[in-house]
Amino acid sequence: MTGDSDRYWDEVWEAGAQGSPHDGADALLVAELAGMEPGRALDMGCGDGSNAVWLAERGWRVTAVDFSRKAVQAGRRNADAAGAAVEFIVADAATYRPQGSYDLVASFYIQLPPVQRAAMLSRMRAALRPGGMLLFASHDRSTPPPGWSKDDLATLTSVDEVVAELGGMEIERALVVEHGEPSEHDAHGHGLNSTVVIARARGGG
Ligand SMILES: C[S@@+](CC[C@H](N)C(=O)[O-])C[C@H]1O[C@@H](n2cnc3c(N)ncnc32)[C@H](O)[C@@H]1O
């Protein structure tokens, strides 16, 4: 990673246009949601839509947001190829205001600077129905990726920071996941740790 601009990400997704940098949904999403009753889902920083498409294929009504037009184009292609209906939106996740009420809000490895991340999490939290689930994963501060700039390193997270930014939510699990060797559904392996937080909006029984 060398920046947080949409232009940077357009180049990344353009380069991967003939084939996604990874295939399939995130292992965390698969583990947490397999078998869960589908509802309405929001995926922030959706990239090429691998998670959004996986959800849509399982009956979820998915809104997927990314500020890279190339990512959204790739997402639309992948959704079409899978015969899955996903609403893709080109928008900055830090300022995008979700419409309506969601059963699931998720963000995987969007890597925003702290102020923008807190703004995104606040909007994600507000978009949940009572009892709805928030899934958040990002690169953890404990394993700084080699070659990242100072600005990139500022986007790494710790469990404590993310939990603090989700004040008011019921935290189900908050942990550092140590990735071993990359596996079929574990695109974020390569020895990097992840901050993972699973939380629920209060209320809803
Ligand atoms: C590492 S990719 C992860 C993609 C996907 N969530 C996944 O796990 O495969 C990060 C994505 O976040 C998007 N992104 C970064 N900053 C963003 C922002 N401020 N608003 C919306 N999308 C953003 C990038 O365009 C990129 O597609």
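Criteria and thresholds
- Residues numbered from 1 in each chain as written.
- Predicted model: local features only at pLDDT ≥ 70, side-chain atom pairs only at ≥ 80, totals over all residues.
- Heavy atoms only, no water.
- Helix = DSSP H or I, 4+ residues; strand = E, 2+ residues; numbered from the N terminus.
- Buried < 20%, exposed > 50% of the residue type's maximum accessible area, 1.4 Å probe, protein only.
- Contact = heavy atoms within 4.5 Å.
- Core = buried A, V, L, I, M, F, W, Y, C linked by side-chain atoms within 4.5 Å.
- Phe/Tyr/Trp six-rings, centres within 6.5 Å; stacked < 30°, edge-to-face > 60°.
- Near = heavy atom within 4 Å.
- Polar contact = N/O pair within 3.5 Å; in protein donor to acceptor, adjacent residues only side chain to side chain.
- Areas by Shrake-Rupley, 256 points an atom, 1.4 Å probe, with all protein chains shown as cover.
- Pairing = 2+ DSSP bridges.
- Right-handed = clockwise from strand over helix to strand, strands pointing away.
- Salt bridge = Lys/Arg side-chain N within 4 Å of Asp/Glu carboxyl O.

K.L.:
Help me get a handle on the overall build of the protein, residues and values and all.
P.N.:
From N to C terminus, the protein includes seven helices and seven strands. Listed N to C, the secondary structure of the protein is α-α-β-α-β-α-β-β-α-β-α-α-β-β in terms of helices and strands. Considering the protein as a whole, with its 205 residues, one finds that 51% of them fall into the buried category. Restricting the contact set of the protein to residue pairs at least 6 apart, pairs at least 24 apart contribute 68%.

K.L.:
So, the nonpolar core: which residues are in play, and what are the values?
P.N.:
Grouped together as the largest cluster of nonpolar side chains are 28 residues, with contacts concentrated most on L55, V86 and L135. It is helix 3 (residues 50–57) that provides the largest number of residues to this core, a total of five residues. In contact with L135, other than residues within four places in its own chain, are L28, L29, E32, L104, V105, A106, S107, F108, V197 and I198.

K.L.:
Outline helix 3, listing residues and values.
P.N.:
Along helix 3, seven of the eight residues are buried, which leaves the element largely enclosed by surrounding structure. Taken as a whole, helix 3 has its buried residues at S50, N51, A52, V53, W54, L55 and A56. Tucked inside the fold, the buried residues of helix 3 contact helix 2 (27–33), strand 1 (40–44), strand 2 (61–66), helix 4 (69–82), strand 3 (86–90) and strand 4 (102–108). Among the residues trailing helix 3, G59 stands out with phi positive, at a value near 95°.

K.L.:
Describe the packing of aromatic side chains, with residues and values.
P.N.:
Under the criterion given, the structure shown has two aromatic pairs. An angle of 80° between the planes, with centres 5.2 Å apart, marks the rings of Y8 and W9 as edge-to-face. On the basis of relative accessibility, which here comes to 19%, the residue Y8 falls in the buried class. Since its relative accessible area comes to 21%, W9 is described here as partly exposed.

K.L.:
Any details on unusual backbone geometry? Residues and values, ideally.
P.N.:
Residues other than glycine seldom take positive phi values, yet Y109 does so here, at roughly 60°. Mapped onto the elements, Y109 comes out in the loop between strand 4 and helix 5 (114–126). Phi angles above zero are rare outside glycine, and Q111 is one such case at about 55°. Structurally, Q111 can be placed in the loop between strand 4 and helix 5.

K.L.:
Pulling in residues and values, what's your account of the site of the ligand?
P.N.:
The full set close to the ligand counts 18 residues, and W13, G45, D66, A93 and F108 are the nearest of them. Between the ligand and the protein, one listed contact pairs a nitrogen atom with a backbone N or O atom of A93 at 2.8 Å. F108 is positioned such that a nitrogen or oxygen atom in its backbone is 2.8 Å from a nitrogen atom of the ligand. Coverage of the ligand by the protein amounts to 93% of the 600 Å² it exposes when considered alone.

K.L.:
Give me the pairing of strand 4: which residues, what numbers.
P.N.:
Burial of strand 4 is extensive: seven of the seven residues sit out of reach of the surface. One ladder, built from four bridges, connects strand 1 with strand 4; its direction is parallel. Bridge pairing in strand 4 links D43 to A106. In terms of strand pairing, strand 4 meets strand 5 (residues 128–139) through six bridges, oriented parallel. Directly across from A106, in strand 5, lies its bridge partner L135. For the handedness criterion, the β-α-β arrangement of strand 4, helix 5 and strand 5 is classed as right-handed.

K.L.:
Explain the pattern of salt bridges residue by residue, including any values.
P.N.:
Following the criterion strictly, the structure yields nine salt bridges and no others. Note that E170 is salt-bridged to R202, the shortest N-O span being 3.7 Å. One end of the pair, E170, is in strand 6 (residues 170–178); the other, R202, is in the segment after strand 7 (193–200), with 32 residues separating them in the sequence. Its relative accessible area of 40% is what places E170 among the partly exposed residues. When the shortest N-O distance is used, the salt bridge between E172 and R200 registers 2.8 Å. A residue pair is termed long-range when its members are at least 10 positions apart, and E172 in strand 6 and R200 in strand 7 qualify at 28 residues. Within this structure, R117, R141, E161 and E165 form a network of salt bridges that share partners.

Structural measurements only, silent on function.
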